[in-house]
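What follows is each chain in one-letter form.
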Amino acid sequence: MALKWRAAPRTRNLHSGRDLLSELSARQLIADVTRPDDFAKHLQKTRTIYVGVDPTAKSLHAGHLIPLLCLFHFRVRGHNTLALIGGATGLVGDPSGRMMERSLSEKAQIESNTIKLTDSIQQFFSRATEYALDKAPSLTTVAQIQVVNNLDWLKELNLLDFLRNTGIHFRVNHMLARDSVKLRMSAHNGITFTEFTYQLLQGYDFYELFRTRGCTIQAGGSDQWGNILSGIDLINKVEGAHGGHDEGCFALTTPLLTTSQGEKFGKSAGNAVWLDEKLTSYLDFYQYFLRTTDADVEKYLKMFTLLPVEEIDAVVREHEIQPERRLAQKLLAKEVTLMIHKKAGLEAARVATNVLFGTDYSTLHAKDIVKSLANDPRLVICTEDELLGITLPNIAAKFGLTSSKSAARQLALGNGLYLNNVPQPDVHFKLERNHLIDGQVAILRAGKDAHLILALR
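Chemist: I tried to follow the pattern of salt bridges on my own but got confused; where do I start?
Modeler: Pairs can form between side chains of opposite charge whenever their charged atoms are close. Within this structure, the stated rule accounts for 13 salt bridges. Close ionic contact of Asp38 with Arg35 constitutes a salt bridge, the shortest N to O distance being 3.1 Å. Residue classification places Asp38 among the partly exposed residues on the basis of a relative accessible area of 35%. Given a relative accessible area of 38%, Arg35 falls into the partly exposed group. Bridged by salt links that share partners, the residues Arg18, Glu23, Arg27 and Glu310 form one connected network.

Structure below.
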């Protein structure tokens, strides 16, 4: 059931007159919150919120979009936003949602990942802001994202001081009651003391940001609920002892998303869908969202785009009349790719989609084809000697489109070998420059979906 809050007078064009928590709920971005009525009142003033990012990978992936877009909604409402990279806690390992202990990461790898993630987060918020301004030009004030690293304050932390000043506020029976701990305790190998203390460190992070930056809200995936509450408890106990802490702090968790088929969101054939085009091409990123099922597409449009909820509802109604047209999926793929990869990335994805899945090549240009398939293994750059004056079956075999020359000839005789989307049954047909798109590119296809794009240097 969607959570409901009272409407607030502060509205933006992107939010159709709803207050922030109601907007997040309408977009299915909330799994749980603490004290919703007090939270809504708290947000009537400018606040500071943070989201943590685990530095175990060198780039953001599609799974990061949910908490980061939640953070972005706070940002466009004028709140201060922080992204915390766990340069210290990444060395310990978060046990949340895991039955097995994480392998400890090397310090050098964590440091390298932290630098790359900082750039990735700043790029995401820069491009998301550009995307938001395109949707709502009247949105003129957007606070800057700040990226912080908890290694900056945890690396000098003295163990004895930490135990005396922080550990004293935690009760082991409460720590054992956390879902993340109970899950691991039920496993054969149990939980190590190192992982058991993770919630203390994350709780201390919230306290440190509260103390130094006035941060009163932490958001994260629903598996972080217990860790976030540890931080709120610590702040309440430390500040309560000193007095003067009246308004409190708040937790907001986002759903841990799975597809309607039970697969973890953000995975394609078992591999992460990265936001870095060097790791996941424009084409593969676009296609991942284009392949969304009818059961998931409405939810994803609300979560992953800034289109007004009412506009999404209208698109979904139209989509349901003729689902075979996949209007909703095309809109989803367009909007998310535009936000993450800008107009150039979207255009490259569309060109590559036309090359690999389209039927009309008349509007394609060689330079656009090469650009759209950069980093794609199906694109091979050739010399003239490797390409011109050679039979098509020999080319197909040489570059691995078919297993052998004889297999390529059999395929051609059966009208299964295509040049620029036209079957070429002549096994003696030789490729010449006038056969190439703009005299530069040949698109070969074996059967329905095996492609090879050959481009002259």
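Chemist: What exactly am I supposed to notice about the pairing of strand 12 (residues 441-446) here?
Modeler: Strand residues, when the strand is regular, have side chains that alternate between the two faces of the sheet. Counting buried residues along strand 12, six of its six residues qualify, which places the element largely inside the surrounding structure. On strand 12, burial covers both faces: Val441, Ile443 and Arg445 on one face and Ala442, Leu444 and Ala446 on the other are all buried. Note that strand 10 (residues 417-419) and strand 12 share three bridges and pair antiparallel. If you follow Leu417 over to strand 12, its bridge partner there is Ala446. Taken together, the six bridges between strand 12 and strand 13 (residues 450-456) define a ladder with antiparallel strand orientation. Residue pairing across strands places Ala442 opposite Leu454, the latter belonging to strand 13. As consecutive antiparallel partners, strand 12 and strand 13 are separated by three residues, and within that stretch Gly447 has a phi angle of approximately 70°, a positive value.

Chemist: Whenever I open this one, the nonpolar core confuses me. Can you help?
Modeler: Note that soluble globular proteins tend to have their nonpolar side chains buried in a common cluster. Of all hydrophobic cores here, the largest spans 68 residues; its most connected members are Phe74, Leu252, Phe289 and Phe304. In terms of residue count, helix 15 (residues 327-357) provides more of this core than any other element does, ten residues in total. Core analysis: the next-biggest nonpolar cluster, separate from the first, contains 27 residues, Leu84, Val92, Cys249 and Ala251 among them.

Chemist: What is the right way to look at the environment of Leu373 in this model?
Modeler: Tracing the backbone shows Leu373 in the loop between helix 16 (366-372) and strand 9 (379-382). Distance in space between the C-alpha atoms of Leu373 and Val351 is 8.7 Å, their sequence separation being 22 residues. Look past the residues within four positions of Leu373 in its chain and what remains in contact with it is Leu283, Ala352, Val355, Leu356, Leu379 and Ile453.

About the thresholds
- Residue positions are given per chain, counting from 1 as you read along its sequence in written order.
- Thresholds applied to this predicted model are a pLDDT of at least 70 for local features of residues and 80 or more for the giving and counting of side-chain atom pairs; totals over whole chains, interfaces and linings are not thresholded and use all residues.
- Hydrogen atoms and water are omitted, and side-chain values are computed over all heavy atoms in the structure.
- Here, a salt bridge means any Lys or Arg side-chain nitrogen found within 4 Å of an Asp or Glu carboxyl oxygen.
- Note on exposure labels: buried denotes an accessible area under 20% of the residue type's maximum, exposed denotes more than 50%, and partly exposed covers the range between, all computed with a 1.4 Å probe on protein chains only.
- Numbering of helices and strands starts at the N terminus; helices are DSSP runs of H or I of at least 4 residues and strands are runs of E of at least 2.
- Two strands are counted as paired when DSSP detects at least two bridges linking them.
- Note on terminology: a nonpolar core comprises buried Ala, Val, Leu, Ile, Met, Phe, Trp, Tyr and Cys residues joined through side-chain atoms within 4.5 Å.
- Every residue pair with non-hydrogen atoms within 4.5 Å of one another is taken to be in contact.

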